[in-house]
Amino acid sequence: MSAVSCLRSEDQFLCCICLDVFTDPVTTSCGHNFCKNCITEHWNVNVPSLCPVCKEVFNIRPDLKVNTLLTELVAQFRLEAQQKTSSSSSKQQAAKPGEVPCDICTGIKLKALKSCLMCLTSYCETHLEPHLTASRLKRHQLMDPVENLEDRMCMKHDKPLELFCKTDQTCVCMLCSVLDHKTHDVVPLKEEYEGQKAELGKTEAEIQQMIQKRRLKIQEIKHSVDLSKEDADKEKAEGVQVFTALKESVERSLNELIETIEEKQRTAEKQAEDFIKELEQEISELKKRSSEVEKLSRSEDHLHLLQNFPSLKAAPPTKDWTEVSVRPPSYEGTVVRAVTQLEETLSKEMKKLFEAELKRVQQYAVDVTLDPDTAYPELILSDDGKQVNCGDVMKNLPDNPERFSINPCVLGKQSFSSGRFYFEVQVKGKTKWTLGVAKESINRKGLITLSPEDGYWTIWLRYDYIAHDDSSVRLSLKSQPQKVGVFVDYEEGLVSFYDVDAAALIYSFTGCSFTEKLYPYFSPCNSDGGKNSAPLIICPVNQTA
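Overview of the structure. (Residues numbered from 1 in each chain as written. Predicted model: local features only at pLDDT ≥ 70, side-chain atom pairs only at ≥ 80, totals over all residues. Heavy atoms only, no water.)

### Here's the deal with the sheet that holds strand β16 (residues 456–461)
Using the following cut-off: At least two DSSP bridges between two strands are needed for those strands to be called paired. A run of H or I in DSSP counts as a helix once it spans at least four residues, and a run of E counts as a strand once it spans at least two, with each numbered from the N terminus.
Strands sit in the order β13-β22-β15-β16-β17-β18 across an open sheet of six strands; the sheet is antiparallel. Every interior strand has two partners, whereas the edge strands, β13 (410–411) and β18 (472–475), have only one.

Below is the structure:
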């Protein structure tokens, strides 16, 4: 009996049909043992009846009887296996929710260690041992524990799904491959597994690359937000500084104005006080003389009156007050002069602001060149694509879709569909010109209407400086620009024009909605008999100090 309990001989208790421990073992006349139900089912399917081990043919199906000795040995084997399972179960962990349980365990289900694709059963460590030691079971395919092993069987033929039909892209069994998929491209499941696993590896690498790109994009966005916050904080600080200075300047000008007015008033009051004091002094002297005269006139002493009369006859010396007056101080022009002075201060501060703003937008300078394929045939472009003026001869050029056919204008080669960009154009010596940006889909073959609605954001010089917004806006400029800067913030919907030399803002289009590519737009206009022959020149940007 000790041999029976030995693990080395446990394969003696396994049915070669079901590959599990015998249940009601029977012995054929050829001496081989099977589960009674297994051999019966086998003979029901296979005719004639033969032994699955030695292939001996039985013309008459044998009358099977239970092998009593083997039944007792199997019972003993099961008991020892059960005892071993009980003793080891305390060391193993019970299956938790979500974990695959052992299909053999009774009572507490232990966590499965492997699943057998041949047996369609999941085993804990103890019940897996026969698959690791029994020679016939070692050939079984084990895998990490999974549930629903029946899903790995062919529903039609009740065979393991161990092949893959590449034609139909489905898993099949061996019978499927010779019946329903006979002419298809069928490969072992492992082969297709390896191929698709490699593809999954590529997919995983691509996904990881996409994840990395998105992480980098997150960092980029966060960095952009940080830069935006820095710019906002800097702008707020500059704004507070400027408006504080302006506020202090206004308060200082107001205080100076009030001090000037009050000083004039104090001067007038002091003059009046001095006059009044002097007048009161003279009145006191006159009253004194009046008293002396009255007293002398009442005297009955002839000698006394005659002796003092000469000294009292004349009035005491006094000022001639006829032309003396206190004029109210004049305040005319005081407030105007103060406001004018304040305006000069504000102009200086505004100039500083525009210089700082121009310096910021110049950081987005781009290299722009003229596109000859868009140029009106009368225009003359320099070889380097940086200058354009209008000639008097209509050149014979291909009338390609990009070319302007009526108006003397040309676009830049470079297009912009995001971000910010800036370029400068010299307009010195010209009496007429148009500058700005235009969207890609503008009409180039008919008369041009310069307006945002038609895809143009421009300013021009004819007799006046005009901005072509929703309506024409006449611009009041302190000086004639010699060099014009054009700045675009695509996402912000902003187009601004600057007088570069004066560091002054000429005009801004705000709230624009850009949905397609933008191109720099130039028109030197007609030469006007030579009066407007100077070219428009795209200049390199020299950032202001």
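There's more to say after this.
### Observations regarding the pairing of strand β22 (residues 518–523)
Formally: Buried, partly exposed and exposed residues are distinguished by accessible area as a fraction of the type maximum, computed with a 1.4 Å probe on protein chains only: under 20%, between the cut-offs, and over 50%, respectively.
For β22, a buried count of six out of six residues is recorded, marking the element as mostly surrounded by other parts of the structure. As paired elements, β13 and β22 share two bridges and run antiparallel to each other. Across the sheet, Leu411 pairs through a bridge with Tyr521, a residue of β22. Strand direction decides the pairing type here: strand β15 (residues 433–439) and β22, joined by six bridges, are antiparallel. The residue bridging Thr434 from the neighbouring strand is Ser523, located in β22.

### Considering the sheet that holds strand β6 (residues 121–123)
Definition in use: Only heavy atoms enter the contact rule, under which two residues are in contact if any of them lie within 4.5 Å. Angles shown run from 0 to 180 degrees and are taken between the N-to-C directions of axes, each axis being a line fitted to C-alpha atoms and, for helices, limited to the stretch in contact.
With respect to topology, three strands assemble into an open sheet ordered β6-β5-β7, the strand pairing being antiparallel. What marks the edges here is a single partner per strand, and that holds for β6 and β7 (142–143). Contacting β5 (114–116), β6 and β7, helix α4 (residues 125–133) crosses the sheet at an angle of about 110 degrees to β6.

### Topic: the side chain of Arg403
We apply this condition: Polar contacts here mean pairs of N or O atoms no more than 3.5 Å apart (in protein, one a potential hydrogen donor and the other a potential acceptor; neighbouring residues in sequence count only if both atoms are side-chain atoms).
Relative to the helices and strands, Arg403 is located in the loop between β12 (387–390) and β13. Of note is the side chain of Arg403, whose polar atom sits 3.0 Å from the backbone oxygen of Pro372. Not counting residues up to four positions away in its chain, the partners in contact with Arg403 are Pro372, Asp373, Thr374, Ala375, Pro377, Leu397, Pro398, Arg444 and Lys445.

### Quick word on helix α7 (residues 302–313)
Each α-helix winds once per 3.6 residues, and so residues spaced three or four apart point in a common direction. As a reminder of what qualifies: To estimate how far a helix should extend, the number of its residues minus one is multiplied by 1.5 Å.
For α7, spanning 12 residues, the distance from its first C-alpha to its last is 16 Å, which sits close to the expected 16 Å at 1.5 Å a residue. Within α7, only one of the 12 residues are buried, leaving the element largely exposed. Looking at where α7 begins, the residue whose side-chain oxygen comes 3.1 Å from the main-chain nitrogen of Leu303 is Asp301.

### Some thoughts on the pairing of β12
Only one face of β12 is buried: it carries Val388 and Cys390, and the other face, with Gln387 and Asn389, is open. Judged from the three bridges that link them, strand β11 (residues 379–381) and β12 form a sheet pairing that is antiparallel. For Leu381, the partnering residue across the bridge sits in β12 and is Val388. Where β11 folds back onto β12 in an antiparallel hairpin, the turn is made up of five residues, including Gly385, whose phi is positive at roughly 70 degrees.

### Remarks on the packing of helix α6 (residues 189–297) against α7
Rule in force here: The cut-offs work like this: below 35 degrees is roughly parallel, past 145 is roughly antiparallel, 65 to 115 is roughly perpendicular, and the gaps in between are oblique. Note on convention: the crossing is left-handed when the near helix lies turned anticlockwise from the far helix by less than a right angle, right-handed when the turn is clockwise. For this scheme, ten residues count as nonpolar: Ala, Val, Leu, Ile, Met, Phe, Trp, Tyr, Cys and Pro. Four count as charged, namely Asp, Glu, Lys and Arg, and the remainder, Gly too, count as polar.
Closest axis-to-axis distance for the α6/α7 pair is 10 Å, and the angle between their directions is 155 degrees. In terms of orientation, α6 and α7 fall into the roughly antiparallel class. For the element pair α6 and α7, the recorded crossing hand is left-handed. Note on element contacts: α7 touches α6 through His304, Leu305, Asn308, Phe309, Ser311 and Leu312, opposite Arg289, Glu292, Val293 and Leu296. In terms of residue class, the contact of α6 with α7 is built from five nonpolar, three polar and two charged.

### Description of the side chain of Asn400
On the secondary structure map, Asn400 appears in the loop between β12 and β13. A distance of 2.8 Å separates a polar atom in the side chain of Asn400 from the backbone oxygen of Asp373. Not counting chain neighbours up to four residues away, the residues in contact with Asn400 comprise Asp373 and Lys445.

### With respect to the environment of Cys16
Its location among the elements puts Cys16 in the loop between α1 (2–5) and β1 (25–27). Assessed through its relative accessible area of 27%, Cys16 is described here as partly exposed. Taking the C-alpha atoms as reference, Cys16 lies 8.9 Å from Cys35; in sequence the two are 19 residues apart. Other than its neighbours up to four places away in sequence, Cys16 contacts Phe34, Val53 and Arg136.

### Considerations on the packing of aromatic side chains
Heads up, the rule is: For Phe, Tyr and Trp, rings pair up if their centres lie within 6.5 Å, where Trp contributes its six-membered ring, and each pair is then called stacked (planes under 30 degrees apart), edge-to-face (over 60) or tilted (otherwise). The criterion is that NZ of a Lys, or CZ of an Arg, lies within 6 Å of the ring centre and within 35 degrees of the ring normal, and then a charge sits over that ring.
Counted by the stated rule, this structure contains 13 aromatic pairs. Seen in terms of ring centroids, Phe13 and Phe77 are 4.9 Å apart; in terms of plane orientation they differ by 20 degrees. Their pairing is stacked. Here Phe13 is found in the loop between α1 and β1, whereas its partner Phe77 is found in helix α3 (residues 68–89), with 64 residues between them in sequence. You'll find Phe13 and Phe77 in the same group, each marked buried. Considering the side-chain rings of Tyr364 and Phe487, the 6.0 Å spacing of their centres and the 45 degrees angle between planes classify their relative orientation as tilted. In this pair, Tyr364 sits in the loop between α8 (334–361) and β11 while Phe487 sits in strand β19 (residues 483–489), placing the two residues 123 residues apart along the sequence. By relative accessible area, Tyr364 is classed as partly exposed at 29%. The class for Phe487 is buried, based on a relative accessible area of 6%. In textbook terms, an aromatic cluster arises when at least three aromatic residues are bridged by ring pairs, as seen for Phe404, Tyr456 and Tyr521. Note that Lys319 overlies the ring of Trp321, its terminal NZ or CZ placed 4.7 Å from the centroid. The residue whose ring lies beneath Arg444 is Phe404, and the NZ or CZ to ring-centre distance is 6.0 Å.

### Here's the deal with unusual backbone geometry
Phi at Asp24 takes a positive value of approximately 50 degrees, unusual for a residue other than glycine. Looking at the element boundaries, Asp24 is found in the loop between α1 and β1. Non-glycine residue Lys55 carries a positive phi angle of around 70 degrees. With respect to the element layout, Lys55 can be found in the loop between β3 (49–50) and β4 (57–58).

### Thoughts on the pattern of salt bridges
Applied cut-off: Salt bridges are defined by distance alone: a side-chain nitrogen of Lys or Arg within 4 Å of a carboxyl oxygen of Asp or Glu.
For the structure on display, the rule yields 21 salt bridges. Across the pair Lys202 and Glu199 runs a salt bridge, and its minimum N-O distance is 3.8 Å. With Lys202 and Glu199 both in helix α6 and three residues apart, the pair spans about one turn of that helix. We note a salt bridge from Asp399 to Lys445, for which the minimum N-O separation is 2.6 Å. Here Lys445 lies in the loop between β15 and β16 and Asp399 lies in the loop between β12 and β13, a separation of 46 residues in the sequence. Residue Lys445 is classed as partly exposed on the basis of its relative accessible area of 33%. One connected set of salt bridges, linked through shared partners, spans Lys229, Asp233 and Lys236.

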